[in-house]
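Understanding the architecture of this molecule
One letter stands for each residue in the lines below.
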Amino acid sequence: MTFDRTKHISFDEETSSTVDPEYSLQPFRALKGEAFVSSYAVTYFKDGKPVSEACAMPSVDQLRAFLQHCIDNDLTIVGWNVAFDAAWPCALGLEDLVMRAKWLDGMLLWKHLTVTPEYGLSKGKRKSYSLKAAVPEFFPERAGYEEDIDFHDMSPEATAKRLVYNQKDTIFTFKLTEKFYNMLEQEPARLQAALIEAKCIPMVAASYVQGLPIDVKQAEKLYEMLDNESMMQLDALSEFNVTPEILNSPKQLAKLLFEDWGLPVLKKTPKGQPSTDKEVLHELLNTVQDVRADAVRRYREAVGNQSKFAEGTLDSVKYNGDGCVRPMASIYSTYTGRMTFTSKQGKGKNERAIGIPIHQMKGDKGEKLDKEYRKMVLAPPGYTIVEFDAAGQEFRWMAIMSGDQTMLELCMPGEDPHSFMGSRIVQCDYRELIELNHAGNKKAKNERKLGKFANLSFQYRIGAEKATVKARVEYKLDVRQPYIQSVKDVYLKSYPRVQDYWQNQIFKCERKGYAETLAGRRVDLHGDWRRNGWSLESTAINFPIQGVGADQKYLALAVLRPYLLTVGAKFFFELHDGIYLLVPDDKVEQVAVEGKWLLDNLPYHKAWGFASPIPLTWDCKVGKTWGTLKEYDYGSK
DNA sequence: CTCCCTTGCGCC
DNA sequence: AAAGGGCGCAAGGGAG
C-alpha cells in the first residue's frame, strides 16, 4: 500500500490580522475576527497529474466546502505542521468537520525517519524540521522560494505573489510527504506508528482554540499567598544583610552562603562553582542545622513559583483577553515521541504569553500551598474535566520489556508493586503491609513510600548518591547513602531481569544503530559509542520505555477520537501518561465507564502486533477544576 | 539593547 | 571512575 496519490490532498493556509501581525499565529483570534485566513492552497492529483489551486480570502463556506469535499471523497489532508492549519477552521465553527476529516503531517513523517537524540544541543542548534529547512535539503535548486513574501500586505500584487508561494508550499509538502511515507513503509511498523500518531492532529488543533479557562481570583489568591510566603522568609533573614537581588542570583548567593556565612560547600556545579540549589540548601539545614538556609530555600521556591505559575497565568489571561490560557501542544516534540507544550510565542521584547507551562504546573505533594496551583485551571461552563491516567505506566512497560516475572506478576489485579518493594526493603510480609496500608497505618505508609521511591528510581541506572538526594529532597525520607545503596541492591535482586534488559538493549542498539519501541517508533543511535557511550546506552535503555508510553498515549487518543465525537466531549490537554478531557456534565458517568473500557482494551495487537501479557489499565478522575479531581467511584454505580 | 550561556527547578 | 531519562521556563551575567 504505497502512498496513494489519488487519496491525498496537500493543504496550506496563510494567515494574517488587521489588529496585530502577531495574532496571525494565534488561530483562536479568528473567533472574534481579530485574525483571518488570507488564503489557502491545495495540491492534488487528477488524471495522474498534479493540480495546484489557491483561494484568496476564503469564506467560512468555502473552507467548509473544502473539508466536506475531503470527507466525502475520503481524501487525507496533508500539511506541514498541519495542526496549525487545522486549528483555523476550528475557530471558524468547523470543528466538527475538522474532527471527521483525515489528516497527515509531512513534518512528522520526516521526524520519524531522521530523529536523533541531539544530546546537549540548545534549541536553536537542533535540526529544524520546518518546510523551509526541508526544501533546500531535498530540492536544492528551489532553496529560497519563500523570500520576500509579505504575509500582511493585502494589495493585489502582494496577494498574487503570496498565492503562488502558498501553492508552492503545498507542492513541496505533497512531494515530501509522499517520499517520506514510502520510505517509512519499507518498515511497515514505523509507518503504522506514525499514522496512529497522526490521528491526534485534529484533537490537538481544536485544543489550540479551546484553551484552558482560568479562575483569575484563584490566580490572584495564589499570587498573594506566595507574596506573603516570600516576605515572611525575607523577614526571617532581615538581620543577615540579605536582599532579593542576592537571593535571586546563584553567584551572589554563593558568596553569601560560603564566604560571608562560612557554610561548607556541599556540591559543585558542572562548571566548578559552588552550588546553591535546593538540595544544598536542604542539606545545610539538616547537616549544619542552619535555619537561614531553610529560609533561603523557601524564599527562592516562593519567588520562583510565583513568577512562573501565578504571575505567568495572570499575564497569559491578560494577553489572550478572554479568560483562557492557551499553551500550544507540539506533537512528537521530544525524540522519544512525547508531546511538549509551550507557553510563549516570540522572544525578547516580542515575547507573548499565550499560555502557561502546563507540563510543569506544580502538583500536590503535600506542601502547604501545593493544592492552590492546579485549581487555577477550570472546566468551561457545562463541562467536567475527566482525566484518564495510564496506571503505573513506566513500571508496566519495564515489566513487559524486561520480561521480569516478579514485575509482571505485580501488574496483575490485586497486587501493589510499591507495597511489595517496601516489604522487601524492610523485610516484612507483603500481604500484611498491604493490609496495614489499607487500615491507614502510618509506619506502613512510610514503608510503602520507600518501596515507591525504589520502584520509580532504580528502573534506570541511577547511582546511590543521586538516589539518596532524591530520597531526601523529593521524598522527604531521612536516609543515608549506604542505606540507599542497600535499597538499590534489594531492587535489583527483586527484579533480576531489569539489569539483563539494560545489557541486552545496549548490545542490540549499538549493533543495529537505533533503538525502537514495541510500536515501531525509532531513534537513530549511530554515533561514537566509545566517546559518548554512557549517553547512547542510556537512550538505548530509556527510549523503548518512554517511547512506548508515548505510543500508548497516541493509540489512546486515536481510539478516543471517534468516541468523543459521539458524546460531545473534547481533548483538553495531556500530561504524558495522563489524558485530560472535557466532557458535558450529563455525560460524565457514561464517559468514565465507556472511556475506561476503551482504554483498558486498546487494540495493541491490531495496531502494533503486540499481545500484552498483563492488563494495561487506566485510572479515572473527574472534577470541575484541575486541582480538585477526585477518583471516579466505579464501585457505587 | 539583544543574544547566549549558566544555574536552577517545575513536571512525567 | 562515575554517570537515571525526557522536557520548558525564569533569572542573572557576560559578550558584542
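Residues numbered from 1 in each chain as written. Chains lettered and ligands numbered in written order. Predicted model: local features only at pLDDT ≥ 70, side-chain atom pairs only at ≥ 80, totals over all residues. Heavy atoms only, no water.

**Here we look at the overall build of chain A**
Worth spelling out the cut-off: Helix and strand definitions here come from DSSP, where helices need a minimum of 4 consecutive H or I residues and strands a minimum of 2 consecutive E residues; each element is numbered from the N-terminal end. The size measure is the radius of gyration over C-alpha atoms, and the globule rule it meets is 2.2 Å times the number of residues to the 0.38 power. Contacts: residue pairs with any heavy atoms within 4.5 Å of one another. Counting rule for charge: Lys and Arg are taken as positive, Asp and Glu as negative, and neither His nor the chain ends is counted. For charged residues, the charge sits on one atom: NZ in Lys, CZ in Arg, CG in Asp, CD in Glu.
Scanning chain A from N- to C-terminus turns up 23 helices and 16 strands. The C-alpha radius of gyration of chain A comes to 26 Å, within 12% of the 26 Å expected for a compact globule of 637 residues. Principal-axis analysis of the C-alpha atoms gives chain A an extent of 75 × 60 × 55 Å. Considering only contacts in chain A between residues 6 or more positions apart, those separated by 24 or more positions represent 68%. In chain A, 84 side chains carry a positive charge and 86 a negative one; their mean positions are 3 Å apart.

**Thoughts on the protein's contact with DNA strand B**
The criterion, for reference: Residues are classed as near a molecule or strand on a simple rule: at least one heavy atom within 4 Å of it. We call two N or O atoms a polar contact when they sit within 3.5 Å, provided that within protein one can donate a hydrogen and the other can accept it, with sequence-adjacent residues counted only if both atoms are side-chain atoms.
Surrounding DNA strand B, one finds 26 residues, the nearest of these being Thr276, Asp277, Lys278, Arg338 and Asp577. Of everything in DNA strand B that lies within 4 Å of the protein, sugar and phosphate atoms constitute 86%. At a separation of 2.8 Å, a phosphate oxygen of DNA strand B approaches a polar side-chain atom of threonine 269. At a separation of 3.3 Å, a sugar or linking oxygen of DNA strand B approaches a polar side-chain atom of arginine 374. Here the element with the most residues in the surface near DNA strand B is helix H12 (residues 291-320); it accounts for four residues.

**A short note on the environment of lysine 362**
The following threshold applies: Here the term buried applies to any residue with accessible area under 20% of the maximum for its type, exposed to any over 50%, and partly exposed to those in between, with areas from a 1.4 Å probe on protein chains only.
By secondary structure assignment, the location of lysine 362 is in the loop between strand S9 (340-342) and strand S10 (383-390). Classification of lysine 362 as partly exposed rests on a relative accessible area of 21%. Along the chain, lysine 362 and aspartate 150 lie 212 residues apart, while their C-alpha atoms are 41 Å from each other.

**Focus on unusual backbone geometry**
In the Ramachandran plot, tyrosine 332 falls in the positive-phi region, its phi being about 50° despite a non-glycine side chain. For tyrosine 332, the location among the structural elements is in the loop between strand S8 (328-330) and S9. Although it is not a glycine, histidine 576 sits at a positive phi angle of roughly 70°. Topologically, histidine 576 is positioned in the loop between strand S13 (570-574) and strand S14 (578-584). Of the residues examined, histidine 576 reaches a relative accessible area of 21% and is grouped as partly exposed.

**So, the protein's contact with DNA strand C**
If you check the shell around DNA strand C, you find 29 residues, and the closest are Ser249, Lys308, Tyr335, Ser343 and Lys466. Between DNA strand C and isoleucine 462 there is a distance of 3.4 Å, counted from a sugar or linking oxygen to a backbone nitrogen or oxygen. Between DNA strand C and glycine 463 there is a distance of 2.7 Å, counted from a phosphate oxygen to a backbone nitrogen or oxygen. Every element with two or more residues in the surface near DNA strand C is listed here: helix H10 (250-260), H12, S9, helix H18 (464-474) and helix H21 (533-567). Element by element, the count of residues in the surface near DNA strand C is highest for H21, at four residues.

**Some thoughts on the side chain of aspartate 105**
The condition is simple: The working definition used for a salt bridge is a side-chain nitrogen of Lys or Arg within 4 Å of a carboxyl oxygen of Asp or Glu.
With respect to the element layout, aspartate 105 can be found in strand S5 (residues 102-105). One buried charged residue, aspartate 105, remains without a salt bridge, the closest side chain of opposite sign being lysine 111 at 9.8 Å. Look past the residues within four positions of aspartate 105 in its chain and what remains in contact with it is Gly79, Trp80, Asn81, Val82 and Ile201.

**Let's talk about the packing of aromatic side chains**
The description of an aromatic ring pair uses the distance of the two centres, along with the angle that the planes make with each other. Which entries qualify depends on this criterion: Centres within 6.5 Å make a pair out of two Phe, Tyr or Trp rings, where for Trp the six-membered ring is used; the pair is then stacked when the planes are under 30 degrees apart, edge-to-face when over 60, and tilted otherwise. Over a ring means this: the NZ of a Lys or the CZ of an Arg is within 6 Å of the ring centre and within 35 degrees of the ring normal.
The full count for this structure, using the stated rule, is 37 aromatic pairs. Between the aromatic rings of tryptophan 397 and phenylalanine 610, the centroid separation amounts to 5.9 Å while the plane-to-plane angle is 45°, which identifies the pairing as tilted. Remark: phenylalanine 610 occurs in the loop between helix H23 (604-608) and strand S15 (618-623) and tryptophan 397 occurs in helix H13 (residues 393-402); sequence separation between them is 213 residues. The two residues tryptophan 397 and phenylalanine 610 agree in class, both being buried. What links up through ring pairs into an aromatic cluster is the set Phe395, Phe420, Tyr430, Phe453, Phe458, Tyr475, Tyr491 and Tyr495. The cationic tip of arginine 29 hangs over the ring face of tyrosine 23; the distance from NZ or CZ to the ring centre is 3.8 Å. Between the NZ or CZ atom of lysine 553 and the centre of the ring of tyrosine 554, over which it lies, the distance is 4.9 Å.

**Here's the deal with the environment of serine 316**
Topologically, serine 316 is positioned in helix H12. Expressed as a C-alpha distance, the spacing of serine 316 and glycine 520, which sit 204 residues apart in the sequence, is 38 Å. Setting aside anything within four residues of it in sequence, one finds serine 316 in contact with Cys324, Val325, Arg326, Ala353, Ile354, Gly355 and Ile356.

**Some remarks on the nonpolar core**
Here is the rule: For our purposes a nonpolar core is just a set of buried Ala, Val, Leu, Ile, Met, Phe, Trp, Tyr and Cys residues, chained together by side-chain atoms within 4.5 Å.
Core analysis: the biggest nonpolar cluster contains 180 residues, and Trp103 and Trp608 have the highest contact counts within it. Of all the elements, H21 adds the most residues to this core, at 17 residues. Ignoring any residue separated from it by four or fewer positions in sequence, one finds tryptophan 103 in contact with Phe11, Leu67, Thr76, Ile77, Val82, Ala86, Val98, Ala198, Ile201, Pro202 and Arg561. Grouped together as the second largest cluster of nonpolar side chains are 19 residues, Leu234, Ile246, Leu253 and Val280 included.

**Let's talk about a positive patch on the surface**
We count it as follows: Here a patch means residues that are over 30% exposed by relative accessible area and free of salt bridges, tied together within 9 Å if like-charged and within 5 Å if nonpolar (Val, Leu, Ile, Met, Phe, Trp, Tyr). To be clear on the numbers: accessible area is Shrake-Rupley with a 1.4 Å probe, and residue cover counts the displayed protein chains and nothing else.
Together, Lys278, Lys365, Lys442, Lys445, Lys449 and Lys476 make up a positively charged patch on the protein surface. No other element matches helix H17 (residues 442-457), which puts three residues into the positive patch. Within the element layout of this structure, lysine 365 appears in the loop between S9 and S10.

**Brief notes about the packing of helix H3 (residues 106-114) against helix H5 (residues 156-185)**
What counts is decided by this rule: Orientation is described by axes fitted as lines to C-alpha atoms, over the contacting stretch for helices, and by angles from 0 to 180 degrees between their N-to-C directions. Each crossing is labelled by how the near helix is turned from the far one, with a counterclockwise turn of less than a right angle marking it left-handed and a clockwise turn marking it right-handed. Residue polarity is assigned by list, with Asp, Glu, Lys and Arg as charged and Ala, Val, Leu, Ile, Met, Phe, Trp, Tyr, Cys and Pro as nonpolar; anything else, Gly included, falls into the polar class.
Here H3 crosses H5 at 40°, and the two axes come no closer than 9 Å. Every pair of crossing elements has a handedness; the one defined by H3 and H5 is left-handed. Each of Gly106, Leu109, Trp110, His112 and Leu113 in H3 lies in contact with H5, whose residues at this interface are Thr177, Phe180, Tyr181, Met183 and Leu184. Residues that form the contact of H3 with H5 fall into these classes: seven nonpolar, three polar and no charged.

**Quick notes on the sheet that holds S14**
Convention followed: Pairing between strands requires that DSSP locate at least two bridges from one strand to the other.
In space, the five strands of this open sheet follow the order S13-S14-S10-S15-S16, with antiparallel pairing throughout. In this open sheet, the two edge strands, each paired with only one partner strand, are S13 and strand S16 (630-631). Sheet topology note: the S15/S16 ladder contains two bridges and is antiparallel. Bridge pairing in S16 places valine 622 opposite lysine 630. Across the sheet, H21 lies against S10, S13, S14 and S15, angled at about 5° from S14, the strand it touches most. Against the sheet, helix H22 (residues 588-600) contacts S10, S14 and S15, and its axis sits at roughly 20° relative to S10.

**Some thoughts on the pattern of salt bridges**
Enumeration over the complete set of coordinates arrives at 37 salt bridges. Across the salt bridge formed by glutamate 283 and arginine 472, the nearest N and O atoms sit 2.8 Å from each other. Pair noted here: glutamate 283 is in helix H11 (residues 278-287) and arginine 472 is in helix H18, with a separation of 189 residues, a long-range link. Summarising the burial analysis for this pair, glutamate 283 and arginine 472 share the class buried. Where aspartate 416 meets arginine 448, a salt bridge forms, and the shortest distance between an N and an O atom there is 2.9 Å. One end of the pair, aspartate 416, is in the loop between helix H14 (405-410) and helix H15 (417-426); the other, arginine 448, is in helix H17, with 32 residues separating them in the sequence. On the basis of relative accessible area, aspartate 416 is assigned to the buried category, the value being 15%. Through salt bridges that share partners, Glu187, Arg190, Lys512, Glu516 and Arg522 make up one connected network.

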